[in-house]
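# A structural walkthrough
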Amino acid sequence: DSWYRTAGEAAPAGKELTAWSGQTLAQWTGSAGFGDMAFRDGLLRGTTDTRDPVLTSSALNVRAGRYTRLAVEMRLDKPGGGAQLFWSTASTTANEAASVAVPTVSDGQWHTYIFEVGKNPYWGGCVTSLRFDPVSAEGVAVEIRSIRLE
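Now for a quick tour of the structure. Predicted, not measured: the structure shown is a model, and the values here were computed from it. (Residues numbered from 1 in each chain as written. Predicted model: local features only at pLDDT ≥ 70, side-chain atom pairs only at ≥ 80, totals over all residues. Heavy atoms only, no water.)

## A word on the side chain of Glu73
This is how the line gets drawn: The way it works is that DSSP assigns letters per residue, a run of H or I at least four long becomes a helix, a run of E at least two long becomes a strand, and they are numbered from the N terminus. Polar contacts here mean pairs of N or O atoms no more than 3.5 Å apart (in protein, one a potential hydrogen donor and the other a potential acceptor; neighbouring residues in sequence count only if both atoms are side-chain atoms). Note on contacts: a residue pair qualifies if any of its non-hydrogen atoms lie within 4.5 Å across the two residues.
Within the secondary structure, Glu73 is located in strand β7 (residues 70-76). Reaching out from Glu73, the side chain makes a polar contact with the side chain of Ser146 at a distance of 2.4 Å. Once residues lying within four places of it in the same chain are set aside, the contact partners of Glu73 are Trp110, His111, Thr112, Glu143, Ile144, Arg145, Ser146 and Arg148.

Given below as structure tokens:
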């Protein structure tokens, strides 16, 4: 556990928050690619205005070894390509190698998307932030009900 204390000290101040729903979803922000992403009526809602929309978590301090997957409850109104999850740790920044992608369904219904982060060799150490790209298309209405590490 000394490695985690050392990594945590090197990381920006953050929380070991691992589940976001209801009001805590407001801690995720649309940092790019959304014209109107906001927390409304208990959901993160917005429409993409580029092919690379980005949502980012607040600062974290999460022990990666405790979690093997991340689940996102989301619905899309039209085809948007796949979703991709990236992460940063105390020693690395988000990059393609430190990511997991999944296909999405665009039928206007709620779906739970599972990102098997534990299968990625770059998932480890102290996770300091998460980046979620829900689609890879412009003009897609995105609604997110929850995000959680499991």
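## Brief notes about the nonpolar core
Here is the rule we go by: Nine residue types can take part in a nonpolar core, namely buried Ala, Val, Leu, Ile, Met, Phe, Trp, Tyr and Cys, and a core is a set of them joined through side-chain atoms within 4.5 Å. A 1.4 Å probe rolled over the protein chains alone gives each residue an accessible area, and that area as a share of the maximum for its type sets the label: buried under 20%, exposed over 50%, partly exposed in between.
Core analysis: the biggest nonpolar cluster contains 35 residues, and Trp87, Phe115, Trp123, Leu130, Phe132 and Ile144 have the highest contact counts within it. The set of elements that each furnish at least two residues to this core consists of β7, β8 (83-89), β9 (99-102), β10 (111-115), β11 (126-133) and β12 (141-149).

## Topic: the pattern of salt bridges
Cut-off, in case you're wondering: Just to be clear on terms, a salt bridge is a Lys or Arg side-chain nitrogen sitting within 4 Å of an Asp or Glu carboxyl oxygen.
Taken as a whole and judged by the stated rule, the model has 8 salt bridges. Here Asp52 makes a salt bridge to Arg131, at a shortest N to O gap of 3.5 Å. Here Asp52, found in the loop between β4 (43-47) and β5 (54-56), pairs with Arg131, found in strand β11; they are 79 residues apart in sequence, far enough to count as distant. Given a relative accessible area of 43%, Asp52 falls into the partly exposed group. Close ionic contact of Glu73 with Arg145 constitutes a salt bridge, the shortest N to O distance being 3.4 Å. One end of the pair, Glu73, is in strand β7; the other, Arg145, is in strand β12, with 72 residues separating them in the sequence. Under the relative-accessibility criterion, Arg145 is labelled partly exposed at 34%. Each member of the salt-bridge network shares a partner with another, and the members are Arg69, Glu73, Arg145, Arg148 and Glu150.

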